[in-house]
Structures are given as structure tokens and as C-alpha cells.
Amino acid sequence: MQEKRTVLVAMSGGVDSSVAAALLVEQGHRVIGVTMKTFCYSEVEGPSQTCCGLDGIMDARSVADRLGIPHYVFDVERDFTRDVIDDFVSEYAAGRTPNPCVRCNGNTKFRDLLKRGEMLGCDAIATGHYARMGVGEAGDPVLRRGIDREKDQAYFLWGLPPELLPKLLFPLGALTKPEVRERARALGLRTADKPESQEICFVPTGNYVDVLEDRLGADHPSLAPGPLVSSTGETIGEHEGYARYTIGQRRGIGGGHGRRLYVIGARPETREVIVGDFDEIFRDELEVGELNWFGQPPREGDEVELQIRHRAVAAPAHVLAGDGDSIRFRFEEPQRAVAPGQSAVVFRGDSVLGGGRIARND
Amino acid sequence: MEPVYLDYAATTPVRAEVREAMLPFLGETFGNASSVHRWGRDAKLKLEEARGKIASLLGARPMEIVFTRGGTEADNLAVLGRSREMRGGGVVCSAIEHRAVLMAAKAAEAEGAPLHLLPVDADGVVDQEALTDVLSPSLAVVSVMWANNEVGTIQPIGSLAQRCVEAGVVFHSDAVQAFGKLDVRMDETPVDLLSMSAHKIGGPKGTGALFVRKGTRLAPLIHGGGHERGLRAGTEDVAGAVGFSVAAELAMRERKAQCSRLTVLRDRLQAALVERVPDLVVNAAGAERLPTILNVSVPGANSEMLLVMLDLEGIAVSSGSACSSGGVNPSHVLTTMGLSADIAGPSVRFSLGRETTEGQIDAVIAAFPPLMERLRSTSGV
């Protein structure tokens, strides 16, 4: 039997965090539920579809009530806007492709939970992420992938403050999504059959460009038409605004070019979107900045596995060079759509060593 | 520890006697008090008995009592009703009024009425000279609360009302916190309008009353069938009115004994916290206060987490701070009293009531100081 702890559990109102809270209660911990209010709901029109909306707060409260645990709402809107939404917008404006959930986990959600947990005398922090905590050779805590590889969310967690690891609990890490839904039904939780929330919580329409247009203005250079340029430098048409495109994308380039073209990059300073053939979206080297490591950083020559998108497979790579600020990797095999701004997460087996933001792909 | 409820200024449990008195009106005595038939007459009789009881407790006439859906509605009727009656006549109120008065005054202002806020001193006492300076016959109403809901400061109502009488200006007082605890008498104080609420004194929520001194003209806010002398349309809530009258009777009967008992407990809590929590500030310490309220600030404690932590530890209290977009706004009462945000923010209001025991106060005295120490040590940026 595990020791009894006082656990602060983040509850979005979705099925995952609801079951996470329920499991902690079952295990006999003293559980405190919190929902983080991340943005101003009144600015969002219509019913909120995503997990963190106002409905989410009511769902979380109802689940907490059913579990017999206290529930509070923490307002993190100011920090969330600064660290996540502003970053999201400025990254797109700079021609990159951000990971807002990574930013939120690393800069806002977990840091805030840690701080408030300390104030409330909690000795553990839990969320409904599909990830696991394991123990390394030196007895140190290790962040690992969840058992359910379909749902695994370790990719989103590389930015957590390392000092948080000893306090982390991921009650769902050893379960599959169907098992979690089954648990939710067995517990009679009203969130059991709630649909998956795939969207970004502050993009209620499901189209991130709406947020960019709202925050930057529809006539911002990143959203205004510009030249569509081939990889050999010829202007072959016009695009609708470089922030509307992501590396690897085919849609929205228009036809009539005589071949299938893919976005391979953007140059914000000239508003150019660069397109090329399918093989040109593959890259074998990348430079990663804004690093975060849970243990010792990998050194030159180290063999690791590198995951560059949520849905991508972690691919073998080795460290070419690195210092404290940035690190350069070379893949064994070229990888598709290495997008600056996205997270590059460093694994060894199913353990997360850390990661960073892709700065360059050349 | 056993959970301790120290939030009686927010609301109180309905007293058993009150519940008992209300039950017939949720059962067989269901008539509409405006109906001609015997069901209606029965209801009307009880409604008027309730009105009469409250009037006599206040030293008022039954016809001067208008039942409302609570204290907020009574405040709105007084402030906005006066301003509209005077077709945009000016409104003066203290800067530390409850939002029910402040927002009604702002609504009057939006309709074109000049609004003036009276300053208070560091203990929350209204500046009487500032009132004298702005008194003029063009004013629709002056509104100053009898006792403040956050810090407990009791205002010099008699003297303020007298100044208004002399200037020929209608005076309203929000007595939601004072009624049932202090000597609130309309035959001794020249107040023209007085707001009361049932649920602060062991009565049901959703019932209140406005005392309207004979001859004081008001524009109704709710229009309809001419109930409550045309000042508050809508079928009367007989159960609520009866419950209110019983609660008021009991409160007045027990008032002196409870006040002296709770003053002792409150002072003991205050002295112990001052002694055991370094740098603790007692707000409005120099004022004459309600015996039931103790408001303290714990500089250096995270204001947003203060109430959460106390709730988790079983201490139910309030703070005047309001959560708003992106953080916590310190109470307007404390900031108006001149407190800086770092003192006004981390404030706690303990409010005691009839069910509060010595053992509960001792439990809070034991639990509170170490909690504040932990919160302070973890609140650092």
C-alpha cells in the first residue's frame, strides 16, 4: 500500500482528470481538486467545446462533489495570456509553429500547481495526463510515457520544472483510454462519455487563425497575402499569409504548378512562403533551443530518440554539438516536417530526458 | 479540527423557530394575500401580523414597512427609487457602502443623477463635515450604512440623519448588518429609509424589507399589481415575511445577551491573533464596531489562497477581496480606508453569530497562526 499523501489534482472537467481524481481518492489520499481558469470565457461566443471552458468548471465541481473532495477554481488568466497566448501569437507572427499545450504545462499549469500546492501543504501534484513516473538507476524520479501509446502525452511534458518531478503523480499512466472511460462509467461520473477535446482550449472555433486575426488584426503582415516562392527562388504565385501555413502542409497552395507542392518554410521578413517537392520537407539536422533537462543533458555523440511532433514516432538521432543554450541533433534517417517552434523531445526508451524548441531545421 | 463557521455576516442558519413558523405557509395556508376569499384573508392576516411585528420592533408604523426580496432590493428601491422620484436628483453615499447601494447609485448616475461619494477615515467612519459640504435641497437621497459588512464600523447614524433632516434631504441607511444586533429604532433616529434582510439574523434568504417613513416619496422599481402600497409589485411571500418577523423578534429579544457574549469572544480572538501572528493588522480597530465582526490583514500572505487554505483547514470565513480577471482585487472598503494593496489584499473577515461557541474560537486561535506562517513562507515570489 502506498503512503497517504495530500494531493492537489488539476481537474479540467474532462473524463481523464475526473478519473485521475477518483483513483487518488480510491487509493486513500487526501485529495484537493482544482480547476485552472485560463482565459476569459465571456470573450468566447457560444457554448465552449473544449475542456477548460466554463462548462468544464461546472463538470469538475460536480465530479468533485460526487467524490466528496473540496474543489476550487484558480484564476491563472493573466499568466496564461502572457506565457501561452501571447507566445502562441508571436510565434506564428515570426513564421514558426508553436505548441501552446507545452508552454502551458511548462510555464503555467504545473508551476502554478506547485506553488499553490506548497501554500496548501500538499505533498503531491497530480493531473490526468497519460504519462508515468518511474524511478531511475540512482533512485531519481523519471518521467515516462503512458502505457496507452495512442494517448501517451509525455511529449507535452518535457518543459516541467525538474524540481517538480518528485511530487508528480499521473494516476492514468498505467491505463488505456477505454479503461479510463470504463472506470468513469463504473464510478457514475457524468463526464464518462464526454467527447475528446482535441482543440487548443483558447481556440474555441477549432481554427487557430481566428485567434491570430483577433489578436493581430486581419491585416497583419503575417496574415496578408505574400509571394509564394519555390525552393529555387522563383515566385510562382501568391499565398494568403504565411501564418496560415505550417511546414509539410499541401492544402491552400493552389493548383496549376504542374506538380504537388508542399510548404517547406517561411521568411517573415519578406513575407515569402517557400514551397518544394515532397522530398524537400525531409530534414536530417535540427537545432533546438530553450532547453529543459530532468537530469544530465545529453553530450556530444550521445544516442537518443527524438520526437518532433505529438503524433510523430521518436526517431534515432545523435548529438552533434551543444552547449547550455542550444543543442544540435542529427537524425539517422531524415524526418518529415521539422517545424521551427515545435517541441523536440528527447527520449531514451520510454523515459523523457528533456527537450526544447526547434530553432532551425537546416 | 471540526469545521468552524465564522461567516455569519454572509448568512446565518435558519432558526428552528423560524422554520416552524414558516411551514404552514408552505402547506395549507397557501392563499394569495390579495384575494378576497377566506384563503386570501388568512394569508393577508398573517402577512400583516408579520409587518406589524417588524414595525413595532423598529418603533415604526406597519404601513411604513415594505417587504422586498431581500436587502439588495431594499437598497435599490431606496437609492434608485428616490433618484427616479426626484427625476435625476443627486445621490450621496459613503464610499464604503455595500455593492447593493454603490451599484444602485451608479445606476442612478447612469440615468443622469449627480453622484457624490463621502470619504471615510482610517477606521471607516464617514466624514460628517464632507456630508455637510455637499448637502443641498436638490439631493434625492443620502445613503450611509448603519454598520459596515466587512470591517464592522458603526456609523454616527443619528448625527448624519439629523444633518439631513435640517437640510431637508431624505436619508437612507442600509441596516442589513445592524438590524437585530444594534439598537435600531425609527422613533429615536430621524432616518427616512432603512434596509433590512432576514437571512442575516436567522431568517430565510430572499426576504427583506425597506422602512419608508410616512411622507417619503419613492418611485417603485417593480411595476404590477400595486402590492406593498404600490412600492413593490408581486404576490407577497407570506412564508418569508412571517419567517422574517419571527427571526427579528428572537434577535431583538436576545440582542443584548448575544452582543455581550460575542463581544467577549471577538475581543478574545482579536487579542490572541494580534499576539500570535506577527505584523497582523486589525482593520477598523479604532472604530466602534459590530460585536460580531473582526477583520484582520496578514501582510505577506497570498490573498487568493488565504480563504482556500482556511477552508481546507475547516475555518469558513470571508474576505472583501473579489476575484476578477487575472487576479484578486482588494476590497474597496479597505482601500477606501487608506490601506495599501499589500495590506488590503490578504484580509480575512471573521464574523461571529448565535451558534458560535467559545470552543470554536479557541480552536481557531490554535489553528490560525501556524497556517499564516506556512502561507507567508510559501507566498514569496
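The following paragraphs examine the structure supplied in this document.

Thresholds applied
- Residues numbered from 1 in each chain as written.
- Chains lettered and ligands numbered in written order.
- Predicted model: local features only at pLDDT ≥ 70, side-chain atom pairs only at ≥ 80, totals over all residues.
- Helix = DSSP H or I, 4+ residues; strand = E, 2+ residues; numbered from the N terminus.
- Rg over C-alpha atoms; globule rule 2.2 N^0.38 Å.
- Buried ≥ 20, exposed ≤ 12 C-beta atoms within 10 Å, placed from the backbone.
- Contact = placed C-beta atoms within 7 Å.
- Nonpolar A, V, L, I, M, F, W, Y, C, P; charged D, E, K, R; others polar.
- Pairing = 2+ DSSP bridges.
- Axes fitted to C-alpha atoms, helices over the stretch in contact; angles between N-to-C directions.

1. Here we look at the overall build of chain B
Secondary structure summary: chain B contains 11 helices and 14 strands in total. Its C-alpha radius of gyration of 21 Å places chain B within 12% of the 21 Å reference for a compact globule of 381 residues. Considering only C-alpha atoms, chain B reaches an extent of 65 × 50 × 40 Å along its principal axes. Expressed as a percentage of its 381 residues, the buried residues of chain B come to 51%. Across chain B, contacts joining residues at least 24 apart in sequence account for 73% of those joining residues at least 6 apart.

2. As for the overall build of chain A
Helix and strand counts for chain A stand at 6 helices and 17 strands. Its C-alpha radius of gyration of 21 Å places chain A within 12% of the 21 Å reference for a compact globule of 362 residues. Each principal axis of the C-alpha atoms in chain A carries an extent, and together these give about 65 × 50 × 35 Å. Looking at chain A as a whole, 46% of its 362 residues qualify as buried.

3. Points about the interface of chain A and chain B
The interface is formed by 12 residues belonging to chain A together with 14 residues belonging to chain B. Breaking the side of chain A that touches chain B down by element, the ones donating at least two residues are β3 (71-75), α3 (77-93) and α4 (100-119) of chain A. Looking at the side of chain A that touches chain B residue by residue, the classes come out as 6 nonpolar, 1 polar and 5 charged.

4. Some details on the sheet that holds strand β14 (residues 347-351) of chain B
All names here are of chain B. If you walk across this open sheet you meet the 3 strands as β9-β10-β14, and the pairing is antiparallel. If you trace the sheet from one side to the other, it starts and ends with β9 (281-282) and β14, each paired once. Pairing of strand β10 (residues 293-297) with β14 involves 5 bridges; the strand directions are antiparallel. Note that in β14 the partner of Leu294 across the bridge is Phe350. Contacts between helix α7 (residues 238-276) and the sheet are confined to β9, β10 and β14, with β10 contributing the most and set at about 15° to the helix.

5. With respect to unusual backbone geometry
All names here are of chain B. A positive phi angle, close to 50°, is found at Glu228, a residue other than glycine. Although it is not a glycine, Ala284 adopts a positive phi angle of roughly 60°. Its location among the elements puts Ala284 in the loop between β9 and β10. Residue class for Ala284 comes out buried when judged on the 27 C-beta atoms lying within 10 Å of it.

6. Details of the sheet that holds strand β1 (residues 6-10) of chain A
Residue and element names in this part refer to chain A. The strand order across the open sheet formed by 5 strands is β3-β2-β1-β4-β7, and the pairing between neighbours is parallel. Each edge of the open sheet is held by one strand with a lone partner, namely β3 and β7 (168-169). The sheet contact formed by β1 and strand β2 (residues 30-37) spans 5 bridges and is parallel. Each residue of the ladder has a partner; that of Val9, found in β2, is Gly33. The strands that helix α1 (residues 15-26) touches are β1, β2 and β4 (124-126); relative to β1, the one it contacts most, it runs at about 170°.

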